[in-house]
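# Geometric and topological summary
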Amino acid sequence: MEKKHKNNEFYECIYRYFNQETCIKTIDSIRDFANDFFKYFNQIIIRDNPDGYLNFGDKDIIIEHFEYDATKNNKKGSETRIEESRINRKFDELNDLTHETKMIHEQLCVTHSTEYLRDNFIKAFKEHNSKISQYEKELINDGIISDTNEIKIVFCCEDKTTFGCLGFDKGMYAFNVIDIKECLDMILESNVDYLLLCNPYQNDKCMYLLPVTKELLQLSKYKNACDIKMIDFKPQVIGAKIFIPN
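Summarised in this report is the structure supplied together with it. Given the structure is predicted, the values throughout are model-derived calculations rather than measurements.

This brings us to unusual backbone geometry. In this structure, Pro50 follows Asn49 across a cis peptide bond, with omega equal to 5 degrees. By secondary structure assignment, the location of Pro50 is in the loop between strand E2 (45–46) and strand E3 (52–56). Positive phi is not limited to glycine here, since Gln202 has a value of about 55 degrees. With respect to the secondary-structure elements, Gln202 resides in the loop between strand E11 (194–201) and strand E12 (204–211). Exposure remark for Gln202: the relative accessible area of 43% places this residue in the partly exposed category.

What follows covers the nonpolar core. Among the nonpolar cores identified, the biggest contains 65 residues, and Phe37, Phe121 and Leu195 are the most heavily contacted of them. The leading source of residues in this core is E11, at six residues. In contact with Phe121, other than residues within four places in its own chain, are Phe66, Tyr68, Cys157, Val177, Cys183, Met186 and Ile187.

Turning next to helix H5 (residues 132–141). Within H5 the residues assigned to the buried category are Ile132, Tyr135 and Leu139. For H5, the angular spread of the buried residues around the axis is 60 degrees, confining them to a single face. The exposed residues of H5 that point more than 90 degrees off its buried face are Lys137 and Asn141. Residues of H5 that are buried sit in contact with E3, strand E4 (59–68), helix H4 (114–129) and strand E8 (150–159). Following H5 by one or two positions, Gly143 has its phi on the positive side, about 70 degrees.

Summed over all chains, the structure comprises zero disulfides. Cysteine Cys13 shares no disulfide, and the gap to the nearest cysteine sulfur, in Cys156, comes to 3.8 Å. Since its relative accessible area comes to 0%, Cys13 is described here as buried. A disulfide-free cysteine, Cys157 has its sulfur positioned 6.8 Å from the sulfur of Cys156, the nearest such atom. For Cys157, a relative accessible area of 0% corresponds to the buried category.

Turning our attention to the packing of H4 against helix H6 (residues 181–188). Any two packed helices are characterised by how steeply their axes cross, that is the angle between the axes, and by the distance between the axes. Two elements in contact, H4 and H6, have axes separated by 9 Å at closest approach and are oriented at 10 degrees. When the axes of H4 and H6 are compared, the pair comes out roughly parallel. For the pair H4 and H6, the contacting residues are Arg118, Phe121, Ile122, Phe125 and Lys126 in the first and Glu182, Cys183, Met186 and Ile187 in the second. The class makeup of the residues in the contact of H4 with H6 is six nonpolar, no polar and three charged.

Before going further, it helps to examine the packing of aromatic side chains. According to the stated counting rule, one finds 17 aromatic pairs in the structure shown. A centroid spacing of 5.8 Å and a plane angle of 50 degrees characterise the contact between Phe66 and Phe121, whose relative ring orientation is tilted. One end of the pair, Phe66, is in strand E4; the other, Phe121, is in helix H4, and 55 residues separate them in sequence. Each member of the pair, Phe66 together with Phe121, is buried. Consider the rings of Phe66 and Phe125, whose centres lie 6.3 Å apart with planes at 90 degrees: the pair is edge-to-face. Pair noted here: Phe66 is in strand E4 and Phe125 is in helix H4, with a separation of 59 residues, a long-range link. Both residues of the pair, Phe66 and Phe125, belong to the buried class.

Parameters and conventions
Residues numbered from 1 in each chain as written. Predicted model: local features only at pLDDT ≥ 70, side-chain atom pairs only at ≥ 80, totals over all residues. Heavy atoms only, no water. Helix = DSSP H or I, 4+ residues; strand = E, 2+ residues; numbered from the N terminus. Buried < 20%, exposed > 50% of the residue type's maximum accessible area, 1.4 Å probe, protein only. Core = buried A, V, L, I, M, F, W, Y, C linked by side-chain atoms within 4.5 Å. Contact = heavy atoms within 4.5 Å. Arc of directions from axis to C-beta. Disulfide = S-S within 2.5 Å. Axes fitted to C-alpha atoms, helices over the stretch in contact; angles between N-to-C directions. Parallel < 35°, antiparallel > 145°, perpendicular 65-115°, else oblique. Nonpolar A, V, L, I, M, F, W, Y, C, P; charged D, E, K, R; others polar. Phe/Tyr/Trp six-rings, centres within 6.5 Å; stacked < 30°, edge-to-face > 60°.

What follows is the structure, encoded as structure tokens:
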């Protein structure tokens, strides 16, 4: 992957998760595909429409990446991004000060909920699922993939919730979108072959490569969003600029 893609969201996701710090999980029924996918992942070609592709053996893999989180989303973006931008401006102001020692202590004014997570994921997933035929045609017309090869669609779904999706039911536990009934029902009706779920959980990172088949029902908690109580963290941000005289 070329460095010119450094500011690309998919590129950043790959280098955030494809490393030894990430816990990678899959299931036995796709073990061979998973082994090949992770063996050749550094050969992924990044582009636009779709975000990337990978060729190995007689398989052409189309990869589409999107982000979502568990906060309210509007035309300006997610609450998380809006708040992060506000706080980044505060840090920029610190850097503009001279000959002073200053500290900043801010809280992200965001509300996390499983319902927001569900709505944001479904909206993004539907939008990209509707473009799968377009992605295939683009790559075939560009001579990148062959319609005689086996074409597989992988959706790389990156959860950007600050501390990840953590629920509470007699104790804290981690969950992701396949545990939400409304999300899983939609996934199973899609044209996607595999999910690559990228999830942060506090200081940990997990990546799940899963087939879009009814096997997901065995892995899922399969609860309505309203029945999964998500912990609503209020992230704190602390920073400082220290002036040290010569």
